[in-house]
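Secondary and tertiary structure notes
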Amino acid sequence: MQSTKSSTQTSDTTAEQYNGFTAEERAAMKDHAQEQKKAAARRGASRKEKEAAAERDVLAKIAEMSEADRVLAERIHDIITTAAPTLTPKLWYGMPAYAKDGKVLCHFQSAQKFKSRYATLGFSDQAALDDGAMWPTAYALKELTAADEQRISELVKRAVG
């Protein structure tokens, strides 16, 4: 007779193996909590002052990145702020992000943040990138050519709507 595990035993084993969030995910959540505290502290400031402070935070976060990620993030920041000057730079879970009417439209995720082999440019559901029944919402980045930069500029302009 062959021995089999019951569904209870299988789920217990699975539950034992699950250790919750990764260290990187916990760090991102802590970053988000800090971002919320900073935003709350700026509530009395003018909109222009808040936006300037948020952009300084983004540039400071980019400056902390490893060289490869920093080079990409600086270019992405320049491309997005040039292509869509109406977007507001802000930090989102410790990542440079760009918001429209307070809602994140796109963000840059460094490779280092989640120990990935490539950085990512991601778009939220707020982005007007719909193309039929299926379209990409994130792009892997290892380097940027002039053609890539042009494509990103076009995507961001389209995303803004």
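As shown above, the structure is provided for reference.
First, a word on what this report is: a plain description of the structure on this page. This one's a predicted model, so the numbers in the text were calculated from it and none came from an experiment.

What to know about the overall build of the protein
A count of helical and extended segments in the protein gives five helices and five strands. Put simply, the protein runs from its N terminus to its C terminus through helices and strands in the order α-α-α-α-β-β-β-β-β-α. A fraction of 48% describes how many contacts in the protein between residues 6 or more apart in sequence connect residues 24 or more apart. Within the structure as shown, the protein displays about 10,500 Å² of accessible surface, and the carbon and sulfur contribution to it stands at 51%.

Some thoughts on the pattern of salt bridges
Where charged atoms from two side chains of opposite charge come close, those side chains can pair. All told, the structure shown has six salt bridges when counted by the stated rule. The structure contains a network of salt bridges with shared partners spanning R75, D78 and E149.

A closer look at the sheet that holds strand β5 (residues 138–141)
Overall, antiparallel pairing links the five strands, which are arranged β1-β2-β3-β4-β5 in an open sheet. Where the open sheet ends on each side, the last strands, each with one partner, are β1 (88–92) and β5. Adjacent strand axes in the sheet meet at a mean angle of 25° when their direction is disregarded. When strand β4 (residues 119–123) meets β5, the two strands line up antiparallel, connected through four bridges. Note that in β5 the partner of A119 across the bridge is L141. Packing against the sheet, helix α3 (residues 47–64) makes contact with β1 and β2 (95–100), and its axis sits at approximately 55° to β1. Relative to strand β3 (residues 103–109), helix α4 (residues 67–83) is tilted by about 150°, and along the sheet it contacts β1, β2, β3, β4 and β5.

Re unusual backbone geometry
Of note in this structure, Y93 is not a glycine but carries a positive phi near 55°. Turning to its location among the elements, Y93 is positioned in the loop between β1 and β2. Y93 gets classed as partly exposed once you look at its relative accessible area, which sits at 29%. Located in the positive-phi region is K115, a residue other than glycine, with phi close to 55°. Locating K115 in the fold gives a position in the loop between β3 and β4. We classify K115 as exposed; its relative accessible area is 68%.

Focus: the packing of aromatic side chains
Per the stated rule, a full pass over the model turns up two aromatic pairs. Aromatic pair W92 and Y93: ring centres 5.4 Å apart, planes at 85°, arrangement edge-to-face. We classify W92 as partly exposed; its relative accessible area is 27%. Summarising the aromatic geometry, the rings of F123 and Y139 are spaced 6.2 Å apart at their centres and angled 90° between planes, so their arrangement reads as edge-to-face. One end of the pair, F123, is in strand β4; the other, Y139, is in strand β5, and 16 residues separate them in sequence. Overall, the relative accessible area of 7% leaves F123 in the buried class. Judged by relative accessible area, Y139 falls into the partly exposed class, the value being 22%.

Calculation rules
- Residues numbered from 1 in each chain as written.
- Predicted model: local features only at pLDDT ≥ 70, side-chain atom pairs only at ≥ 80, totals over all residues.
- Heavy atoms only, no water.
- Helix = DSSP H or I, 4+ residues; strand = E, 2+ residues; numbered from the N terminus.
- Contact = heavy atoms within 4.5 Å.
- Areas by Shrake-Rupley, 256 points an atom, 1.4 Å probe, with all protein chains shown as cover.
- Salt bridge = Lys/Arg side-chain N within 4 Å of Asp/Glu carboxyl O.
- Pairing = 2+ DSSP bridges.
- Axes fitted to C-alpha atoms, helices over the stretch in contact; angles between N-to-C directions.
- Buried < 20%, exposed > 50% of the residue type's maximum accessible area, 1.4 Å probe, protein only.
- Phe/Tyr/Trp six-rings, centres within 6.5 Å; stacked < 30°, edge-to-face > 60°.

By themselves these figures say nothing about function.
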